[in-house]
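Now for the letters of each chain:
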Amino acid sequence: MSDLAHTVRGVDHVAYPTFDPAATVTFYRDVLGFPVVHSICAAGWGPDKHPDFIHFFFDIGNDDRLAFFYYFGLEPFEDGGPQGDAYSRFGAEVPVWFIRSRHLAIHVDSEDELLEYRRRLDDSRWPVEMRVQHETIDSIYTHDPNGYMIEITRALRPVTPQEDLDANLTIDALVDVVSQPNPSMAALLTRKAELIVERAAAWQDAEDKRRLDAEAVAK
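Residues numbered from 1 in each chain as written. Predicted model: local features only at pLDDT ≥ 70, side-chain atom pairs only at ≥ 80, totals over all residues. Heavy atoms only, no water.

Engineer: Account for the sheet that holds strand β7 (residues 103-108), naming residues and giving values.
Structural biologist: Pairing is mixed in the open sheet, where four strands are placed in the order β7-β10-β9-β8. Edge strands, defined here as strands with exactly one partner in the open sheet, are β7 and β8 (130-133). Taken over all neighbouring pairs, the strand axes of this sheet differ in orientation by 25° on average, direction set aside. Where β8 lies against strand β9 (residues 137-143), four bridges are found, and the strand directions are antiparallel. Across the sheet, V132 pairs through a bridge with S139, a residue of β9. (Pairing = 2+ DSSP bridges. Helix = DSSP H or I, 4+ residues; strand = E, 2+ residues; numbered from the N terminus. Axes fitted to C-alpha atoms, helices over the stretch in contact; angles between N-to-C directions.)

Okay, structure coming up:
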């Protein structure tokens, strides 16, 4: 676990290219209801042969933004394969689960809000493709006009401090395992168990100190 100060305040913006700005605006502004909040008209910008472009932004809540670049005169790139999106194209042999691992998830607070976005999508050209309940979240998925997978999700319950601790153990074990030959889930779980044993005494000392401090304050 890192001891570095954590001072960032979320996503300023995520940006993607688009070859279909009209459909992109329809999807995000007119279907999902995300306001356009900023745009940049860049003419004669950048190095030689850089095309003029529009850089435009949608408000996705919490002062976060989703942005797109549209380059005038630039045609879609066909090389690379039939699968994927405006940003990356993959061959037919690439598993779809790998391609879909690249996606943007947007958070809402309640099931009613999630279902409202499902209604908006199902009434559009981009209906919901699947709804999945994971460990702690309930999500709907679709692809936007550029082929990017978009997830809208709500929390089913808060993530507990114990789960945060477990996550750090898992990642520390993963970092150790992938530095060795033939990494596997079995090796990760074994290393995670070793880390639990190694750190148990320190956890107990910290809990004992917390309890004694609490008792002192209570007196």
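Past the structure itself, the notes keep going.
Engineer: Account for helix α3 (residues 111-122), with residues named and values stated.
Structural biologist: Spanning twelve residues, α3 covers 16 Å between terminal C-alpha atoms, matching the ideal 16 Å at 1.5 Å per step. Of the positions making up α3, those classed as buried are L114, Y117 and L121. Projected down its long axis, α3 shows its buried positions confined to an angular sector of 65°, all on one face. Against the buried residues of α3 lie α1 (21-31), β7, β8, β9 and β10 (149-155). (Expected span 1.5 Å × (residues − 1). Buried < 20%, exposed > 50% of the residue type's maximum accessible area, 1.4 Å probe, protein only. Arc of directions from axis to C-beta. Contact = heavy atoms within 4.5 Å.)

Engineer: So what's going on with the packing of helix α4 (residues 161-178) against helix α5 (residues 185-218)? Residues and values would help.
Structural biologist: Interhelical geometry of α4 versus α5 gives an angle of 125° and a closest axis separation of 9 Å. As the angle between them shows, α4 and α5 are arranged oblique. Between α4 and α5 lies a crossing of right-handed hand. Along its contact with α4, which presents L165, D166, L169, T170, D172, A173, L174, D176 and V177, the element α5 presents A187, L188, R191, K192, L195, I196, R199 and W203. Here the residues of the contact of α4 with α5 sort into ten nonpolar, one polar and six charged. (Parallel < 35°, antiparallel > 145°, perpendicular 65-115°, else oblique. Left-handed = near helix turned anticlockwise from the far one by under 90°. Nonpolar A, V, L, I, M, F, W, Y, C, P; charged D, E, K, R; others polar.)

Engineer: Report on the side chain of N146, specifying residues and quantitative values.
Structural biologist: Following the sequence through the fold, N146 ends up in the loop between β9 and β10. A distance of 3.2 Å separates a polar atom in the side chain of N146 from a polar atom in the side chain of T24. For N146, the contacting residues outside a window of four places in its chain are P17, T18, F19, D20, T24, F68, D85 and A86. (Polar contact = N/O pair within 3.5 Å; in protein donor to acceptor, adjacent residues only side chain to side chain.)

Engineer: So what's going on with the sheet that holds strand β3 (residues 53-59)? Residues and values would help.
Structural biologist: Strand pairing in a sheet relies on backbone hydrogen bonds. The paired strands run either parallel or antiparallel. Read from one edge of the open sheet, four strands run β1-β4-β3-β2, paired in mixed fashion. Each edge of the sheet is formed by a strand with only one pairing partner; in this case those strands are β1 (13-17) and β2 (36-42). Within this sheet the neighbouring strands show an average axis-to-axis angle of 20°, counted without direction. Across six bridges, β2 lies against β3 in antiparallel orientation. The partner of H38 across the bridge, within β3, is F57. Across the sheet, α1 is in contact with β2, β3 and β4 (65-71); its angle to β3 comes to roughly 10°.

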